[in-house]
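Overview (structure and organization)
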Amino acid sequence: MAKKDAPPRWDRKMQQRLARGEAAALGELYDRFASLVHGLAHRVLGDERAADGITREVFAQVWEHPDAYDPRQGPLRSWLAALAHRLAVQRLRATETAALAPGDSGSPEAAQELEHKVRRASVAARADYIVHSMPAPLRAALELAYFQRRDYRQTAVDLGVTEDEARRRLRLGLQLLSTAHDAGTPPGYGGGR
């Protein structure tokens, strides 16, 4: 059994390859995680072009500063998600602050509305990350219940599992989703470096 503190082998190797300046490593990383990074940025910003910009910025930072990621702190996937989230929130704040009328930028109401908007976008991005990161059986159960309006009995039949197992999967999936409100950054990595 592997030590709990040992980072995943792929993450360690990828970090080492990036530190050596292997362009192929950046291409692999991009192929594997660009959709995650772009999706989180788009969820926060609600703008395709801005999400494209954040995606480029995330991978540029990884290329320029490969040692910023420490495999002992958590999975590379979570670190990239946290970086994308942080950069997207920074861009959202900057964009919204610039859009305020010059007289409004200092008002408590404008600041409160901006923080409320950032919080909503952060929770939505975190929920997307949680759904895409959860095991396929949990995700399938939630998708059947939410998108296809199946109850736990119908979900059990569709998935070919017992009703108890369907209830367990739905309950666990919903418990995971409920954590989206608990923090403003994707799970698994403490935020900023």
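Values in this document were obtained by computation on a predicted structure and should not be read as measured data.

Calculation rules
- Residues numbered from 1 in each chain as written.
- Predicted model: local features only at pLDDT ≥ 70, side-chain atom pairs only at ≥ 80, totals over all residues.
- Heavy atoms only, no water.
- Helix = DSSP H or I, 4+ residues; strand = E, 2+ residues; numbered from the N terminus.
- Buried < 20%, exposed > 50% of the residue type's maximum accessible area, 1.4 Å probe, protein only.
- Contact = heavy atoms within 4.5 Å.
- Salt bridge = Lys/Arg side-chain N within 4 Å of Asp/Glu carboxyl O.
- Axes fitted to C-alpha atoms, helices over the stretch in contact; angles between N-to-C directions.
- Parallel < 35°, antiparallel > 145°, perpendicular 65-115°, else oblique.
- Left-handed = near helix turned anticlockwise from the far one by under 90°.
- Nonpolar A, V, L, I, M, F, W, Y, C, P; charged D, E, K, R; others polar.
- Polar contact = N/O pair within 3.5 Å; in protein donor to acceptor, adjacent residues only side chain to side chain.
- Arc of directions from axis to C-beta.

1. With respect to the overall build of the protein
Counting secondary structure elements, the protein contains eight helices and zero strands. Mapped from its N terminus to its C terminus, the protein presents α and β elements in the order α-α-α-α-α-α-α-α. Each of the 193 residues in the protein was classed as buried or not, and the buried ones make up 38%. Of the contacts formed within the protein by residues at least 6 apart in sequence, a portion of 68% connects residues at least 24 apart.

2. Focus on the pattern of salt bridges
The full count for this structure, using the stated rule, is ten salt bridges. A salt bridge links Glu163 to Arg153, with the shortest nitrogen-to-oxygen separation between them at 3.8 Å. Pair noted here: Glu163 is in helix α8 (residues 163-178) and Arg153 is in helix α7 (residues 152-159), with a separation of ten residues, a long-range link. Using a relative accessible area of 35% as the deciding quantity, one classes Glu163 as partly exposed. Taking the relative accessible area as the measure of exposure, Arg153 reaches 45% and is therefore partly exposed. Counted as one network, the salt bridges with shared partners bring together Arg17, Arg20, Glu22 and Glu28.

3. Focus: the environment of Arg43
Structurally, Arg43 can be placed in helix α2 (residues 23-45). For Arg43, a relative accessible area of 42% gives the class partly exposed. Between the alpha carbons of Arg43 and Arg126 there is a distance of 9.1 Å; along the sequence they are 83 residues apart. Once residues within four sequence positions are removed from consideration, Arg43 is found in contact with Ala121, Ala124, Ala125 and Asp128.

4. Looking at the packing of α2 against helix α3 (residues 48-64)
Orientation of α2 relative to α3, taken along the N-to-C sense of each, is 140°, at an axis distance of 8 Å. When the interaxial angle is binned, α2 and α3 end up oblique. Where α2 crosses over α3, the handedness of that crossing is right-handed. Across the interface between the two elements, Ala23, Leu26, Leu29, Tyr30, Phe33, Ala34, Val37, His38, Ala41, His42 and Leu45 of α2 pack against Glu48, Ala50, Ala51, Asp52, Ile54, Thr55, Val58, Phe59, Val62 and Trp63 of α3. In terms of residue class, the contact of α2 with α3 is made up of 16 nonpolar, three polar and two charged.

5. Structural notes on the side chain of Arg169
Within the secondary structure layout, Arg169 lies in helix α8. You can call Arg169 buried: its relative accessible area is 15%. Reaching out from Arg169, the side chain makes a polar contact with the side chain of Glu165 at a distance of 2.8 Å.

6. A word on helix α1 (residues 9-19)
All of the buried residues in α1 are Asp11, Met14, Gln15, Arg17 and Leu18. Along the axis of α1, the buried positions cluster into a sector of 165°, meaning they face one direction only. Count one or two residues on from α1 and you reach Gly21, which has phi positive near 85°.

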